[in-house]
Amino acid sequence: MSPSSRSKVTPIRQCPVAPRSTCSTELGLIIDSPALASELADLIQRVRMPASFTVSEVPLRSGLQWSFLRDGRRWVLHREPESNWAQRLRWSVWSLVVDEDSL
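Residues numbered from 1 in each chain as written. Predicted model: local features only at pLDDT ≥ 70, side-chain atom pairs only at ≥ 80, totals over all residues. Heavy atoms only, no water.

Visitor: Help me understand the sheet that holds strand β5 (residues 73-77), please; the structure alone is not making it clear to me.
Guide: In space, the three strands of this open sheet follow the order β3-β4-β5, with antiparallel pairing throughout. Looking at strand neighbours, the two that pair on one side only are β3 (54-58) and β5, the edges of this open sheet. Neighbour to neighbour, the strand axes of the sheet diverge by 30° on average, direction disregarded. Across five bridges, the pairing between strand β4 (residues 63-70) and β5 is antiparallel. When the bridges of β5 are listed, W66 appears paired with L77. (Pairing = 2+ DSSP bridges. Helix = DSSP H or I, 4+ residues; strand = E, 2+ residues; numbered from the N terminus. Axes fitted to C-alpha atoms, helices over the stretch in contact; angles between N-to-C directions.)

What follows is the structure, given as structure tokens:
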């Protein structure tokens, strides 16, 4: 489907409210076409969401967990995905000496 000449897509770049970074990596779109918006939402659901993780706190373990869907099944990881022990060690050491507001 091709967008009509009346459709309008406006990109939005979200800048941070916290001093953590110079600009957030979050992006958004305002799509002035219900058909195009629906097509994009379907595309994101099919292509991007299977590669996405949901991060949540685990109160009993005082840590985080990462969950994702794969082949219709929900998986839960208790280590940061796609990271190795050396990266996790480095992040742990840095968290002891660097103030989180400076990250």
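Visitor: Just to check I follow, could you spell out the pairing of β3 for this structure?
Guide: Put simply, side chains in a regular strand alternate between the two faces of the sheet. Here β3 runs beside β4; their pairing, made up of five bridges, is antiparallel. Residue E57 lies in a different strand from β4, and its bridge partner there is L64.

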